[in-house]
Every structure is written in structure tokens, then in C-alpha cells.
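# Summary of structural features
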Amino acid sequence: MTETDGGTLIARILAEQGVEFVFTLCGGHISPILVGAKRHGIRVIDVRDEASAVFAADAVSRLTGVPGVAAVTAGPGATNAITAVKNAQLAQSPVIVLGGATATILKGRGALQDINQMALFRPHVKQAMTIRHVRDFVPYLEEAFLVAQEGVPGPVFVECPVDLLYPESVVRTWYRSATPSADAHALGDRVRRAYLRRHLDRIFDNADRVEPDEREQPIVAPVTEGDVQRAIERITLARQPVLMLGSQAMLHPDDVEELAHAVTRLGMPVYLSGLARGLLGREHPLLLRHRRREALREADLVLLAGVPCDFRLDYGRQINRSAVLLSVNRSRKDLTRNRRPNVPMFGDPAEFLRRLAGSLDADDGQYGDWLDRLLARDAERESEIEQLAKEPTEYVNPLALCRAVDDVLDEDSVLVLDGGDFAATASYMTLPRTPLSFLDPGPFGTLGVGGGYALGAKLCRPRAEVWLFYGDGSAAFSLAEFDTFVRHAIPVIAIVGNDACWTQIARGQCEVFGDDVATRLRRTAYHTVAEGYGGKGLLLERPENLESTLAKAKELARQGHPVLINALIGQTSFRKGSLAI
């Protein structure tokens with residue numbers, strides 16, 4: 001009779017939940033999880049830093065709607081992952097983190113890598129749970145997947161003690177080696193033997209009798225019909241509306257075409273942010289990209305769909321005080337954060353927009369004059385940027401570089417941003433072609449997401465071109481994942497905007513204090529580092545080599561090689577005045 005072990009039970013639940021990948025950095029505490037996953041046809045991707053494992057799982061969650069899974073070993077494996085977990089929490093990504101832990105009998109006794117992981121994770125996840133019996137793996141993991149997806153999505157931490165993961169016969173052998181022999185008759189020895197025997201019986205009791213339940217769908221509070229009607233009443237009176245969509249509107253990847261159709265039917269000028277970028281393609285007639293602040297200050301109605309009034313909207317101050325503010329959000333807290341809407345709607349933004357579009361009698365071109373004004377401003381700003389991109393700089397103008405990348409992007413591309421000044425420039429200059437094709441850290445502004453995000457994106461979209469825009473500061477956080485790209489045949493294209501500086505910080509610091517302390521770097525040979533890990537490295541120093549270098553990178557990626565372009569770039573005034581706090 002085959003023994004039931006915790007690693008196998010975990011793998012069964014992951015497979016039943018539709019998980020295709022487990023991201024990890026190996027450790028003895030989690031070996032059974034990885035072996036079990038492989039045996040159940042789940043691809044195990046081992047990375048070089050636990051943070052990258054969680055970032056990759058985060059990317060999978062965002063692009064597929066299925067919670068991504070990372071397995072990290074006990075102690076330092078868990079602590080290494082915590083920044084990525086917090087990033088997922090603030091970005092509202094449904095990630096499952098499986099954490100190894102010391103044996104149940106040794107907790108708190110000074111075992112290797114034994115820390116209070118629950119206290120560490122609890123503030124940064126929707127739920128943290130510890131498995132105490134082998135039979136608990138099935139119901140606890142099923143609950144973890146539900147909790148991660150329902151309401152406001154977010155990460156869930158599941159602590160898996162090592163003696164619950166290995167086969168019972170192996171664990172009993174471990175315990176026997178630490179148990180006084182039967183020849184020891186002292187009272188203390190007899191008590192210790194009895195206690196350990198009962199402990200083992202408890203943790204393995206009914207381990208082979210637990211069957212998975214029918215897969216449940218996560219519950220999301222629906223927007224009420226009354227809310228929809230109140231929104232319609234306000235929208236009907238508007239003449240200069242603005243619609244803003246955020247990442248929370250993109251939690252149903254299978255329904256993005258229906259969502260895009262609903263947005264089109266509403267006919268409002270649209271700004272997209274976060275994962276919503278690319279929802280309407282590149283040249284949709286309602287799509288706006290520039291001078292959002294001016295549009296929000298002139299609007300008579302603003303509809304925020306999954307967008308909180310946080311620092312990205314200047315805490316609500318960018319929105320005209322006289323405008324009617326409608327907001328729909330899965331989070332009650334975000335719904336009224338910093339500014340209370342005239343019509344607050346608690347529920348799923350995508351569902352609301354679909355229902356609104358089905359109920360609202362929108363006339364084609366009813367906002368024509370307003371939209372034309374906004375589009376004219378967009379065109380004016382595009383012209384200004386075009387001129388800035390032509391200005392000579394030392395080495396390569398970063399705007400010209402990003403514009404050249406945008407010109408050669410395949411229609412099926414995913415853009416990943418990791419960094420400050422250069423990544424923000426790339427965000428402004430490159431246009432996602434399709435829905436679910438843009439990944440940035442989100443509101444936490446975390447550096448180091450790049451390697452993991454690009455890894456997860458390419459696994460989810462193997463036929464797509466995946467472009468990773470690194471600042472030269474952020475590149476150091478995950479450049480070692482080029483080793484992962486090579487070992488697992490993940491041909492991404494990375495571009496390092498190398499200006500030998502933490503430019504986003506230096507700009508404000510030098511202006512205020514006249515001192516660039518701790519902000520200067522070197523024009524490091526990042527392309528050589530990538531080659532050292534087995535990838536292909538290209539050096540771009542002169543603007544006349546832009547097109548040929550990008551073409552070579554695309555060709556190398558098509559051949560199956562991960563590629564890094566070390567682009568030496570100069571300084572421009574493009575982002576002058578942007579804040580890093």
C-alpha cells in the first residue's frame with residue numbers, strides 16, 4: 001500500500017486548482033512538495049532568490065487568474081520572500097506561498113531555521129495558517145485558494161512542518177533515532193517514548209482518508225442594482241466624463257474582451273493604469289495617455305473602476321472638487337480612502353462596467369467635443385516627446401531607445417518594468433498591444449520584480465515576446481535569474497538603461513541638497529554578466545546602432561536565447577520634477 005505524504009497531498013490539490021507551475025528555491029524542508037509537484041505534472045521552476053519565486057507566482061496570478069504558487073524553505077527562505085509577499089498584498093494578487101518549517105515536535109526549541117514565521121507573515125497576507133496534521137493539508141489548501149481569490153485578492157501563507165511532508169515511515173524512523181531505546185527503563189525515558197508515539201499517531205491519524213471537495217468558486221460581492229441605477233442617473237447628466245480603469249478591473253482574464261467591449265460602449269474618454277494597460281489595444285479612439293491631471297481637473301464626472309485615491313491620484317486632489325465622483329472597488333477601505341465618492345459602489349469593477357454598459361443608453365459621439373479636446377492635448381504631448389527623443393545626449397537618448405523598442409514590438413508582447421527613472425520612461429513610451437500584457441510592481445514600488453515577473457510571463461505566454469526594462473540600479477536585484485532563464489529555456493529580452501546612476505533619487509536629492517552621495521554607479525558591463533550566466537549579451541553605445549541591436553536581440557530570442565541589452569544612455573529633462581517619495 002502506497003504511503004500518503006504531505007508533499008503528495010499538496011501536489012494533488014495544486015493540480016486540481018489548475019496550477020501549472022511551482023516556483024521555488026530548494027530546501028530540505030520543502031523537498032517533498034517539489035517532488036510531489038513534479039510527479040503530478042506540475043512544472044517546478046527553481047530560481048536563484050526566494051523573492052523571485054514569489055514575484056513569478058505573482059505574475060502568473062495576474063496574467064491567468066489562477067493563483068500562482070511559490071514554495072520557500074524555512075527561516076531565511078521565508079524572510080527572503082517577505083518583500084515580494086508584501087508587494088503582492090498591495091497589488092492585490094492572489095498568491096499562495098507554501099513555507100517549510102521545522103518539525104512539529106521541535107518548534108521553539110532552537111532547531112535549524114526555526115523562527116516564528118506566522119508572526120512574520122500575518123500582517124502581510126490575507127490569511128496565515130499552520131498545518132498541524134497530515135489530514136489538514138487538503139481542507140487547508142482548498143481554503144487557501146478560496147481566501148486568496150475572494151473579495152480583495154491577496155497572498156495566503158501556508159506553513160508546512162517538515163515532519164508532515166515526508167512519508168510516515170521516514171518520519172517514524174527520524175523519531176525513533178531521537179527516542180530512548182526500549183532497553184531504557186527510567187520513568188523519564190518511558191514517558192518520552194509514550195509521548196512521541198502518541199504525537200506521531202495524532203499527526204498521521206486519518207492521513208489517507210481525506211478526499212478533496214468539489215472545487216468552489218470564490219465569492220465576490222456583487223454591485224447592487226440600486227448602485228447601477230444611481231450611477232446611470234449621474235452619468236446621464238455628464239458632459240465631460242473621464243473613466244479610469246485599474247488593475248482590479250482585470251481579475252477575470254477570460255472576460256477581458258467583454259470588458260473592452262463594455263468600455264467601448266460607454267463611450268467615455270479612458271485612462272488605463274497598471275494591469276489594465278493594453279485592454280483597448282494601442283490606438284483605440286477613446287484611449288488617452290497624457291495630461292491626465294488636466295483632464296481630471298476639468299471633468300464634470302469621474303468614474304474610478306478599481307482605482308483608489310492614493311498617491312497616484314495625489315490622494316484625490318487631482319480630481320475636480322466640483323465633479324461627480326463615482327467609484328467601484330472590491331475594497332471598502334479603498335472605496336472611500338482620502339476622498340468619499342458621491343456614489344460609492346462596493347463590488348467587482350469589471351462586473352459593474354459590464355452591467356452599466358448593458359443598461360446605459362449611450363449615444364455615439366455624445367462626448368465628441370470633450371474627447372476631441374483631450375485627444376488634441378495627447379497629440380500635442382506626443383509631438384513634444386518626439387522632439388525630446390531627437391535631442392542628442394551622451395551615448396543613447398533613453399526616449400529614442402524606448403520609442404525604437406515600441407516600433408519593433410510584436411503584436412503579441414508582454415512588457416515588464418523594474419526600476420525607477422528608465423522604467424518609468426519606458427512605461428510612458430511603450431504601448432502594450434493587447435490586454436494582460438503589462439506588468440509593473442504596483443503601489444509598493446518594489447525594485448527587483450523584473451526577473452520573476454519576466455519568468456512568470458514567458459511561462460504563461462510562451463509564444464509572446466517578453467521585454468524586461470531594467471534600470472541599472474534595479475538590475476542587480478534579479479540579474480542572477482538569467483541563470484534561471486538559461487536552465488529552463490526562457491528566452492526573454494532584457495534592456496538595462498545604464499546611466500550609471502540611481503537617477504530618480506539623484507534628481508531630487510541634488511536639487512534640494514546639492515549632493516549626489518550614494519546615488520552614483522558605474523557603467524557596469526551587465527551584458528557580460530548575462531553572458532556569464534549563459535545568456536546572450538549585447539552592448540549598445542551609439543544611437544546609430546539602435547535598430548540593428550534590437551533586431552539582433554529579437555532574433556536571438558527567437559532562437560531560444562535569453563538576451564540582455566546593456567544600453568548606455570544619457571540624461572534628459574523628460575522626467576524633471578518627478579518625485580521619488
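Going by the structure above, here's the rest.
Figured I'd write up the structure that's included with this text. What you see is a predicted model; the values in this text were computed from it and never measured.

Read from one edge of the open sheet, six strands run β9-β8-β7-β10-β11-β12, paired in parallel fashion. The open sheet has two edge strands, β9 (287-288) and β12 (343-346), and neither has a second partner. With five bridges joining them, strand β10 (residues 301-305) and strand β11 (residues 324-329) adopt parallel strand pairing. Across the sheet, alanine 305 pairs through a bridge with valine 328, a residue of β11. In this fold helix α10 (residues 225-237) packs onto β10, β11 and β12, with an angle of close to 145° to the strand it touches most, β12. Sitting on the sheet, helix α14 (residues 349-359) touches β7 (241-245), β10, β11 and β12, and the angle it makes with β10 is about 130°.

All right, on to the packing of aromatic side chains then. Centre distance and the angle of the planes are the two values used to describe a pair of aromatic rings. One pass over the full model with this rule turns up six aromatic pairs. Geometrically, the ring pair formed by phenylalanine 21 and phenylalanine 23 is tilted, given 6.2 Å between the ring centres and 35° between the ring planes. Considered together, phenylalanine 21 and phenylalanine 23 belong to a single accessibility category, that of buried residues. Between phenylalanine 422 and phenylalanine 469, the aromatic rings sit 6.3 Å apart at their centres with planes inclined by 50°, giving tilted as the arrangement. Taken as a pair, phenylalanine 422 in helix α17 (residues 421-429) and phenylalanine 469 in strand β15 (residues 465-471) lie far apart in primary sequence, 47 residues in all. Exposure class is identical for phenylalanine 422 and phenylalanine 469. Each is buried. Arginine 332 extends its terminal NZ or CZ atom over the ring of phenylalanine 346, reaching a point 3.8 Å from the ring centre.

Attention shifts here to the pattern of salt bridges. Counted according to the given criterion, the structure contains 36 salt bridges. A salt bridge links aspartate 58 to arginine 62; its shortest N-O distance comes to 2.7 Å. With aspartate 58 and arginine 62 both in helix α3 (residues 50-64), this residue pair falls four residues apart, about one helical turn. Taken individually, aspartate 58 and arginine 62 each receive the classification buried, so the pair is uniform in this respect. We note a salt bridge from glutamate 298 to arginine 377, for which the minimum N-O separation is 2.6 Å. Of this pair, glutamate 298 sits in helix α12 (residues 292-298) while arginine 377 sits in helix α15 (residues 368-390), and the two are 79 residues apart along the sequence. You can call glutamate 298 partly exposed: its relative accessible area is 30%. Look at arginine 377 and you get buried, because its relative accessible area is 16%. Ionic contacts of the salt-bridge type, sharing partners, join the residues Arg291, Glu294, Glu298, Arg373, Arg377, Glu380, Arg381 and Glu384 into one network.

In contact at an axis separation of 10 Å, α10 and α14 are set at 60° when each is read in the N-to-C sense. When the axis of α10 is compared with that of α14, the two are oblique. The two elements α10 and α14 meet at a crossing, and its hand is right-handed. Within the contact between the two elements, α10 uses Glu225, Val228, Ala231, Ile232 and Ile235 and α14 uses Phe352, Arg355, Leu356 and Ser359. Looking at the contact of α10 with α14 residue by residue, the class counts come to six nonpolar, one polar and two charged.

We now examine the side chain of arginine 381. For arginine 381, the location among the structural elements is in helix α15. The exposure class of arginine 381 is buried, given its relative accessible area of 18%. In this view, arginine 381 contacts His290, Arg291, Tyr428 and Phe574; residues no more than four positions away in its chain are not counted.

The subject of this paragraph is the side chain of aspartate 310. Positionally, aspartate 310 belongs in the loop between β10 and β11. With a relative accessible area of 11%, aspartate 310 lands in the buried category. Once you skip the residues sitting within four places of it in the chain, aspartate 310 turns out to touch Tyr315, Gly316, Asn338 and Pro443.

Let's shift gears to the sheet that holds β15. Here six strands make up an open sheet; going across it, the order is β14-β13-β15-β16-β18-β17 and the pairing parallel. Only two strands of the sheet have a single neighbouring strand rather than two, namely β14 (438-439) and β17 (536-540). With five bridges connecting them, β17 and strand β18 (residues 563-568) associate as parallel partners. For leucine 539, the partnering residue across the bridge sits in β18 and is asparagine 566. Its contacts with the sheet place helix α16 (residues 398-408) against β15, β16 (493-498), β17 and β18, and it is angled at close to 175° to β15. Sheet strands touched by helix α23 (residues 546-558): β15, β16, β17 and β18. Its angle to β17, the strand with the most contacts, is close to 170°.

As a further point, take the pairing of strand β3 (residues 68-72). Regular strands place side chains that alternate from one sheet face to the opposite one. A large share of β3 lies buried, amounting to five of its five residues. Of the two faces of β3, the one carrying Gly68, Ala70 and Val72 and the one carrying Val69 and Ala71 are both buried. Bridge analysis of strand β1 (residues 21-24) against β3 gives three bridges, and the strand direction is parallel. Residue pairing in the sheet places threonine 24 in a bridge with alanine 71 of β3. In the sheet, β3 pairs with strand β4 (residues 95-101) via five bridges, with the strands oriented parallel. Residue pairing in the sheet places valine 69 in a bridge with isoleucine 96 of β4. Between the parallel elements β3 and β4, the chain passes through helix α4 (residues 76-91) in a crossover that is right-handed.

About the cut-offs
- Residues numbered from 1 in each chain as written.
- Predicted model: local features only at pLDDT ≥ 70, side-chain atom pairs only at ≥ 80, totals over all residues.
- Heavy atoms only, no water.
- Pairing = 2+ DSSP bridges.
- Helix = DSSP H or I, 4+ residues; strand = E, 2+ residues; numbered from the N terminus.
- Contact = heavy atoms within 4.5 Å.
- Axes fitted to C-alpha atoms, helices over the stretch in contact; angles between N-to-C directions.
- Phe/Tyr/Trp six-rings, centres within 6.5 Å; stacked < 30°, edge-to-face > 60°.
- Buried < 20%, exposed > 50% of the residue type's maximum accessible area, 1.4 Å probe, protein only.
- Lys NZ or Arg CZ within 6 Å of the ring centre and 35° of its normal.
- Salt bridge = Lys/Arg side-chain N within 4 Å of Asp/Glu carboxyl O.
- Parallel < 35°, antiparallel > 145°, perpendicular 65-115°, else oblique.
- Left-handed = near helix turned anticlockwise from the far one by under 90°.
- Nonpolar A, V, L, I, M, F, W, Y, C, P; charged D, E, K, R; others polar.
- Right-handed = clockwise from strand over helix to strand, strands pointing away.

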